[in-house]
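The chain contents come next:
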Amino acid sequence: MLYDLHSHTRCSDGSLEPRELLARAVDKGVDVLAITDHDTLDAYQGLVRLEGRPELVVGIEFSTQWEATGIHVLGLDVDPGSEAIHAGVRYQTHARLLRARRIGEILGKKGVPDAFAGASALARGSYIGRPHFARHLVNVGKARSIEDAFRRFVGDGKAGDVKQHWADLPQIVQWIRDANGIPVLAHPLKYKLTRTRLKRLLAAFVAAGGQGIEVISGQQNPQQTASLGRLCKELNLLASCGSDFHAPDVRWAELGAFAPLPAGVTPVWERFR
Ligand code: AMP
Ligand code: MN
Ligand code: MN
Ligand code: MN
């Protein structure tokens, strides 16, 4: 059974419609898929459950911060009808709007005109994020490419990387738990923390009620997998795996294209309802 428990659609910053994502997952041999858009469940609205594969696990990827580092927490197998998860989505959607206005002000001071209006025009639905600002920066000629826009304006640690509006880590974890979901720390190596700080983050995550980590996130090297596998066992956490698929042209994050979980970890799906 191939589980891909981290993917995005056009409802956040992915490029495929939900039903196109499902069709691609079938193509790539994925048996069980979680759509985990950033801070929204919109992809699940009106998504016709296909007969057979892929089986869908309801998921979400929440944005938050810990000690000034932006981090992402997946909620897997959440009950989409629960009031808690909708309270979380409402809060984060409002936070995104306030944050987008703030990013607009900051970019304005850096000589980028109409950034909030520009990014809003590119956004659809409840997600407005840094990728929209990056596209606006390219559109108005302030950046040469999306990559360049992230590197100079909105990437992690840059002026447009605004994080203070998000709900805090304990609140995020609580919403997921209250929705009968499993909180999983997404891509633990992406935050570029030292081993000591990563362990501190994991201690805070567990204290808040966090239950799992992504041991596999897309294509990573065997040393990274072994190291996260050890950490997972040491801390008695559940192990998740996913591609973090956003768009068809990204080679290292294709649906289902990643190594199996290392031996000895407990797969998160053993706890699915
Ligand atoms: P936000 O949700 O507004 O914080 O935007 C973050 C999203 O931007 C991430 O989920 C990535 O999909 C995307 N992103 C982050 N860094 C880069 C980058 N250097 N180039 C392209 N996209 C990026
Ligand atoms: Mn993204
Ligand atoms: Mn993420
Ligand atoms: Mn993601």
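Given the structure is predicted, the values throughout are model-derived calculations rather than measurements.

J.: What exactly am I supposed to notice about the site of ligand 1 here?
T.: Close contacts around ligand 1 come from Asp 13, His 38, Arg 96, Arg 99, Tyr 127, Gly 129, Arg 130, Pro 131, Glu 147, Phe 150 and His 246, and that covers them all. Between ligand 1 and Asp 13 there is a distance of 2.8 Å, counted from an oxygen atom to a side-chain nitrogen or oxygen. Contact between ligand 1 and Tyr 127: an oxygen atom at 2.9 Å from a side-chain N or O atom of the residue. Surface burial for ligand 1 is 76%, taken as the share of its 500 Å² of free accessible area covered by protein chains. Contributions of two or more residues to the shell around ligand 1 are made by α2 (83-109), α4 (130-139) and α5 (146-154). The residue makeup of the shell around ligand 1, split by class, is three nonpolar, three polar and five charged.

J.: Looking at this structure, I do not really get the coordination of the manganese ion (ligand 3). What am I missing?
T.: For a metal bound by four donors in tetrahedral geometry, the ideal donor-metal-donor angle is 109.5 degrees, whereas six donors in octahedral geometry ideally sit at 90 or 180 degrees. Protein coordination of the manganese ion (ligand 3) is provided by Glu 61 (OE), His 72 (ND1) and His 187 (NE2), with donor distances spanning 2.1 to 2.2 Å. Taken as a pair, the manganese ion (ligand 3) and the manganese ion (ligand 2) lie 5.7 Å from each other. Remark: His 187 occurs in the loop between β5 (182-185) and α7 (195-208) and Glu 61 occurs in strand β3 (residues 55-66); sequence separation between them is 126 residues. The same class applies to Glu 61 and to His 187, which are both buried.

J.: Help me understand the coordination of the manganese ion (ligand 2), please; the structure alone is not making it clear to me.
T.: In the first shell of the manganese ion (ligand 2), the protein supplies Asp 13 (OD), His 38 (NE2) and His 246 (NE2), at 2.2 Å from the metal. Spacing between the donor residues of the manganese ion (ligand 2) along their common chain follows D-x24-H-x207-H. Classification of Asp 13 by relative accessible area gives partly exposed; the value is 25%.

J.: How should the packing of aromatic side chains be read in this particular structure?
T.: To describe a pair of aromatic rings, you give the distance between the ring centres and the angle between the ring planes. If you walk through the whole model with that rule in mind, you get three aromatic pairs. Between Phe 62 and Trp 175, the ring centres sit 6.1 Å apart and the planes meet at 45°, which makes this aromatic pair tilted. Taken together, the residues span a long stretch of sequence, with Phe 62 in strand β3 and Trp 175 in helix α6 (residues 169-178) at a distance of 113 residues. With relative accessibility at 9%, the residue Trp 175 sits in the buried group. With 5.7 Å between their ring centres and 50° between their planes, Tyr 91 and Trp 175 make a pair best called tilted. Of this pair, Tyr 91 sits in helix α2 while Trp 175 is found in helix α6, placing the two residues 84 residues apart along the sequence. Among the aromatic residues, those joined into a ring-pair cluster are Phe 62, Tyr 91 and Trp 175.

J.: It is not clear to me how the sheet that holds β5 should be interpreted in this structure. Could you clarify?
T.: Sheets are built from strands that pair by backbone hydrogen bonding, the pairs being arranged parallel or antiparallel. On the basis of which strands lie adjacent, the open sheet formed by eight strands has the order β1-β2-β3-β4-β5-β6-β7-β8 and mixed pairing. Edge positions in the sheet fall to β1 (3-4) and β8 (266-267), since each has one partner strand and no second. Where strand β4 (residues 69-76) and β5 come together, four bridges link them in antiparallel fashion. Across the sheet, Leu 74 pairs through a bridge with Val 184, a residue of β5. Packing of α7 onto the sheet brings it into contact with β3, β4, β5 and β6 (212-217), and relative to β5 it is tilted by some 170°. Contacts from helix α8 (residues 222-234) reach β6 and β7 (238-242) within the one sheet, and its direction differs from that of β6 by about 165°.

J.: I keep staring at the nonpolar core and nothing clicks. Help me out?
T.: In this structure, Leu 33 and Leu 201 are the most contacted members of the largest nonpolar core, which totals 64 residues. Filtering out sequence-adjacent residues up to four positions away, Leu 33 remains in contact with Asp 4, Ser 7, Leu 21, Leu 22, Ala 25, Pro 54, Glu 55, Leu 56, Val 57 and Leu 255. Among the nonpolar cores identified, the runner-up in size contains 17 residues, and Ala 100, Ala 134, Phe 153 and Val 154 belong to it.

J.: Looking at this structure, I do not really get the packing of α4 against α5. What am I missing?
T.: Each pair of packed helices can be summarised by the angle the axes make with each other and by the distance between the axes. Remark: α4 packs on α5, axes separated minimally by 9 Å, with the N-to-C direction vectors making an angle of 110°. On the basis of their axis angle, the class for α4 and α5 is roughly perpendicular. Contacts between α4 and α5 involve Arg 130, Pro 131, Phe 133, Ala 134, Arg 135, Leu 137 and Val 138 from the former and Ile 146, Ala 149, Phe 150, Phe 153 and Val 154 from the latter. Looking at the contact of α4 with α5 residue by residue, the classes come out as ten nonpolar, no polar and two charged.

J.: What is the right way to read the environment of Lys 28 from this model?
T.: Along the chain, the position of Lys 28 falls in the loop between α1 (18-27) and β2 (32-35). Judged by relative accessible area, which is 37%, Lys 28 ranks as partly exposed. Put simply, Lys 28 and Pro 113 are 85 residues apart on the chain and 42 Å apart in space, counted from C-alpha to C-alpha. Once residues within four sequence positions are removed from consideration, Lys 28 is found in contact with Leu 2, Glu 254 and Leu 255.

Procedures and definitions
- Residues numbered from 1 in each chain as written.
- Chains lettered and ligands numbered in written order.
- Predicted model: local features only at pLDDT ≥ 70, side-chain atom pairs only at ≥ 80, totals over all residues.
- Heavy atoms only, no water.
- Near = heavy atom within 4 Å.
- Polar contact = N/O pair within 3.5 Å; in protein donor to acceptor, adjacent residues only side chain to side chain.
- Areas by Shrake-Rupley, 256 points an atom, 1.4 Å probe, with all protein chains shown as cover.
- Helix = DSSP H or I, 4+ residues; strand = E, 2+ residues; numbered from the N terminus.
- Nonpolar A, V, L, I, M, F, W, Y, C, P; charged D, E, K, R; others polar.
- Donors = N, O, S within 2.8 Å, 3.2 Å for Na, K, Ca; no water.
- Buried < 20%, exposed > 50% of the residue type's maximum accessible area, 1.4 Å probe, protein only.
- Phe/Tyr/Trp six-rings, centres within 6.5 Å; stacked < 30°, edge-to-face > 60°.
- Pairing = 2+ DSSP bridges.
- Contact = heavy atoms within 4.5 Å.
- Axes fitted to C-alpha atoms, helices over the stretch in contact; angles between N-to-C directions.
- Core = buried A, V, L, I, M, F, W, Y, C linked by side-chain atoms within 4.5 Å.
- Parallel < 35°, antiparallel > 145°, perpendicular 65-115°, else oblique.

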